[in-house]
Amino acid sequence: MTKISEGTVHKLPDDLKKALSSDKKALEKWEDITPLARNEWICWTISVKTDKTRKEHVGRVVSELKEGMRRPCCWPGCVHRKDKKLSASQRFIIGKKSKVKKAIDYL
């Protein structure tokens with residue numbers, strides 16, 4: 001398989017690598033974005049709960065890159081980066097998720 005650039009924190013997962021390798025235009029767009037932007041796409045793809053959603057995200061990476069998108073829409077950003085603090089929106093979303101989880105666990 002062709003060498004494909006990765007993100008700053010995340011390694012390129014095999015399913016996304018395969019999808020990008022099979023679409024020349026998407027691969028060109030992938031190589032044209034920054035390592036931070038690639039990292040956002042990878043994190044967005046791997047941070048899902050189900051295989052079905054992951055497959056959808058992999059497909060969307062390919063199609064949305066070809067449409068000219070350079071980062072995932074409405075994504076608060078990778079929370080795995082250690083080179084910067086979490087933003088206010090990231091902290092809000094993480095806090096919101098933990099409150100929901102606590103409520104579900106209580107039931």
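None of the values given here were measured: they were computed from a predicted structure. (Residues numbered from 1 in each chain as written. Predicted model: local features only at pLDDT ≥ 70, side-chain atom pairs only at ≥ 80, totals over all residues. Heavy atoms only, no water.)

Once that is clear, we can look at the overall build of the protein chain. Along its length, the protein chain carries five helices and zero strands. Each helix (α) and strand (β) of the protein chain, taken in turn from the N terminus, gives the series α-α-α-α-α. Burial status across the protein chain gives 31% buried among its 107 residues. When contacts within the protein chain are restricted to residue pairs at least 6 apart in sequence, long-range pairs at least 24 apart make up 64% of them. (Helix = DSSP H or I, 4+ residues; strand = E, 2+ residues; numbered from the N terminus. Buried < 20%, exposed > 50% of the residue type's maximum accessible area, 1.4 Å probe, protein only. Contact = heavy atoms within 4.5 Å.)

On to the nonpolar core. If you look at the biggest cluster of nonpolar residues, it comprises 17 residues, and the most contacted ones within it are L12, L16, L20, W30, W41, V61 and L65. Of all elements in the fold, only α1 (14–21), α2 (24–32), α3 (35–46) and α4 (51–66) reach the threshold of two or more residues within this core. (Core = buried A, V, L, I, M, F, W, Y, C linked by side-chain atoms within 4.5 Å.)

Glancing now at the packing of α2 against α4. In the contact formed by α2 and α4, the axes pass within 8 Å of each other and the chain directions differ by 80°. Of the possible angle classes, the one that applies to α2 and α4 is roughly perpendicular. Where α2 abuts α4, its residues K25, A26, K29 and W30 lie against V61, V62, L65 and K66. Of the residues that constitute the contact of α2 with α4, the class distribution is five nonpolar, no polar and three charged. (Axes fitted to C-alpha atoms, helices over the stretch in contact; angles between N-to-C directions. Parallel < 35°, antiparallel > 145°, perpendicular 65-115°, else oblique. Nonpolar A, V, L, I, M, F, W, Y, C, P; charged D, E, K, R; others polar.)

A few words now on the pattern of salt bridges. All told, the structure shown has six salt bridges when counted by the stated rule. With a closest N to O distance of 2.8 Å, D23 and K66 form a salt bridge. Taken together, the residues span a long stretch of sequence, with D23 in the loop between α1 and α2 and K66 in helix α4 at a distance of 43 residues. On the accessibility criterion, D23 (17% relative accessible area) is buried. A salt bridge links E56 to K52, with the nearest nitrogen and oxygen atoms 3.3 Å apart. (Salt bridge = Lys/Arg side-chain N within 4 Å of Asp/Glu carboxyl O.)

Looking at the protein chain, the pLDDT average stands at 84 and 79% of residues meet or exceed 70. Element-level pLDDT for the protein chain is lowest in helix α5 (residues 88–106), with a mean of 57, against a maximum mean of 98 in α2. Low confidence marks residues 100–107, where pLDDT is under 50. Its contacts with residues over four positions away, or in another chain, come to zero contacts. (pLDDT = per-residue confidence, 0-100.)

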